[in-house]
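Each chain, written out:
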Amino acid sequence: MSEAATMSALVPQPAHVPDALVYDFDMYHEPAMERDAPARLLEIAREAPPVFWTPHNGGHWVVKSYPAIMKAARDWENFSSEHIPREEAEALLANLPAGTVIVQPVPILLDPPDHTRFRLPLQPVFSPKAMMKLQAHIRELAIELVEGVKQQGHCEFVSAIGERIPTQVFLEIFGLPLERQDDFRKLVEEHLSDDFGTLDNSQRKLRRMADIMHDTLVERRENPRDDLISVLWQSTVDGRPLTLEDMQNYCVLLFIAGLDTVMNGMGHGVRHLAMHPELQAQLRANPRLIVEANEELLRRYGFVAVIRRAARDFECEGAQLKRGERVSLSYPMANLDPAEFADPGRFDLGRENKVHLTFGGGPHRCVGSHLARIELQTLYEEMLARLPAFRLDPDRPVRYRCGPVTGPREIHLLWDN
Ligand code: HEM
């Protein structure tokens, strides 16, 4: 269980939260999560109430059962995504030069009907058809990186391959300079490692991302190319052309999602394969099973949890939520709900129900899921086809970055040449 010394300060339990619904979970700083996030998430899925309150990180609710999350993800009238408190935003703007606007990742921080209007332009850009066109290029990149480490008999997977593929693919389709990929990754890493923090702090980081992209955005408006920014500039919302501010709001979200998420999925999947030589052998013998394996890996190792705010006082699974309280929807824990998935900690290629929530549910379901699936599948195909059986280096255990997006920081692999 948790080791309180390094965890965040605790806030007092509010009067409306009964003892039975309090569970000790620090999503950002828990040593048990850092050692083995998948095992700790499974433990919580098994032992915590379907909706619980934790005193860490300012005190917040966590919704974790599969049915409760399915309901909450669709119930935007109670579980609002517009979770920047208006008063905080106004207080911040009052201290900034006139004309300053809040950078707001869009459409993820909007509720319908605004959400629906702002999500529409992204759908054709990330459609399965548009993403399939990228597969040949993704494969070339995967081959180059895997062949690059093959002879050495070992590699640190995350830096050598896991962060390279999604970052490079994303910067190319986005039209941002590849030479700056390390700076860009650092910015996103800082953003995701920070705990809930203040609006002021998070605005500073989002503003830096928007500033990095500013010149590219303006340049593509004047001189469109064959990239995602140029395609987005052609879009309209309610018939009006997009403004530079709209573009910045879209692009900070795509920047964070594009530069970080998929590498975590790759890390979880590759660690699992490295621990299971029999699965590697089965997939090498029958590569067509990789599609199914990819889905079951995504279920077992969900890694994105999201934040909502209670829009009013209401009841959920016996918990009384008060207006303004913060709620984490833990899609990873929902995937490990024993009432939904038999023996949920087990990777089961033959599992009948693989309808997981790794990409979320309801109106905000991930727009990038087709791209993510192609990148993951292509990586597994090329690693299994090109490397001999690989395993974890027993002297260098995997450690996890924790927070809303959880994934291995480093995975040291070994194989015999
Ligand atoms: C395996 C990789 C990925 C995972 C697990 C993942 C997960 C998620 C989840 C759980 C949500 C739902 C958020 C909510 O309920 O509020 C989401 C939304 C979103 N994702 Fe992903 N994502 C991945 C990759 C990507 C990529 C590669 C992109 C684009 C480059 C992307 C773009 C988005 C966008 C734009 C949204 C917001 C959709 C909306 O608010 O309507 N994601 N993602």
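The structure displayed is predicted, hence computed values, not measured ones.

## Observations regarding the packing of aromatic side chains
Here the structure, examined in full by the defined rule, presents seven aromatic pairs. With centroids separated by 6.2 Å and ring planes inclined at 50°, the aromatic side chains of Phe118 and Tyr250 adopt a geometry described as tilted. Here the residue Phe118 occupies a position in helix α4 (residues 114–119), and Tyr250 occupies one in helix α13 (residues 244–275), the gap between them amounting to 132 residues. Grouping aromatic residues by their ring pairs yields a cluster made of Tyr23, Phe25 and Phe52. One cation-aromatic arrangement involves Arg299 over Phe341; the distance from NZ or CZ to the ring centre is 5.2 Å. Above the ring of Tyr301, the side-chain terminus of Arg300 is found at 4.9 Å from the ring centroid.

## Some thoughts on the coordination of the iron atom of the ligand
The protein gives the iron atom of the ligand a lone donor atom, Cys366 (SG), placed 2.3 Å from the metal. By the element assignment, Cys366 lies in the loop between α16 (331–334) and α17 (369–386).

## Notes on the site of the ligand
Lining the immediate environment of the ligand, one finds 26 residues, of which His115, Arg119, Tyr331, His364 and Cys366 sit closest. Within the contact set of the ligand, an oxygen atom lies 2.6 Å away from a side-chain nitrogen or oxygen of His115. Between the ligand and the protein, one listed contact pairs an oxygen atom with a side-chain N or O atom of Arg119 at 2.7 Å. Listing elements by their share of the shell around the ligand, those giving two or more residues are α4, α13 and β7 (306–310). Per-element tally for the shell around the ligand: the top contributor is α13, with six residues.

## Remarks on the packing of helix α15 (residues 290–300) against α17
Look at α15 against α17: their axes get within 10 Å of each other, and the N-to-C directions meet at 120°. Between α15 and α17, the crossing angle belongs to the class labelled oblique. Considering how the two elements wind past one another, α15 and α17 form a crossing that is right-handed. Counted together, Ile290, Val291, Asn294, Glu295, Leu297 and Leu298 of α15 and Arg373, Leu376, Gln377, Tyr380, Glu381 and Leu384 of α17 form the full contact between these two elements. Across the contact of α15 with α17, the residue classes break down as seven nonpolar, two polar and three charged.

Definitions and cut-offs
Residue numbering note: each chain is counted from 1, following its sequence as written. Reporting of local features is limited, given that this is a predicted model, to residues whose pLDDT is at least 70; pairs of side-chain atoms are given and counted only at 80 or more, and all residues count toward the totals for whole chains, interfaces and linings. Here the side-chain values reflect all heavy atoms present in the structure, with hydrogen atoms and water set aside. Pairing of aromatic rings covers Phe, Tyr and Trp, the last through its six-membered ring, and needs centres within 6.5 Å; plane angles under 30 degrees mean stacked, over 60 mean edge-to-face, and all others mean tilted. Only DSSP runs of H or I reaching four residues or more are called helices, and only runs of E reaching two or more are called strands; each is numbered from the N terminus. By the criterion adopted, a ring carries a charge over it if an Arg CZ or a Lys NZ lies within 6 Å of its centre and within 35 degrees of its normal. Think of the donor list as every N, O and S atom within 2.8 Å of the metal, or within 3.2 Å for Na, K and Ca; water never makes the list, so a site can look incomplete. Neighbouring residues are identified by heavy atoms, a residue being near a molecule or strand if any of them is within 4 Å of it. In protein, a polar contact means a hydrogen-donor-capable atom and an acceptor-capable atom, both N or O and within 3.5 Å, with residues adjacent in sequence counting only if both atoms are side-chain atoms; elsewhere, any N or O pair within 3.5 Å suffices. Lines fitted to C-alpha atoms define the axes here, with helix axes fitted over just the stretch in contact, and angles between the N-to-C directions of these axes take values from 0 to 180 degrees. Any angle that is under 35 degrees is reported as roughly parallel, and any over 145 degrees as roughly antiparallel; angles of 65 to 115 degrees are reported as roughly perpendicular and all others as oblique. Working rule for handedness: look at the near helix, and if it is turned counterclockwise from the far one by less than a right angle, call the crossing left-handed; if clockwise, right-handed. Contacts between residues were defined by any pair of non-hydrogen atoms, one from each residue, lying within 4.5 Å. Throughout, the ten residues Ala, Val, Leu, Ile, Met, Phe, Trp, Tyr, Cys and Pro are labelled nonpolar, Asp, Glu, Lys and Arg are labelled charged, and all others, Gly among them, are labelled polar.

Geometric descriptors of this kind do not, in isolation, establish any biological role.
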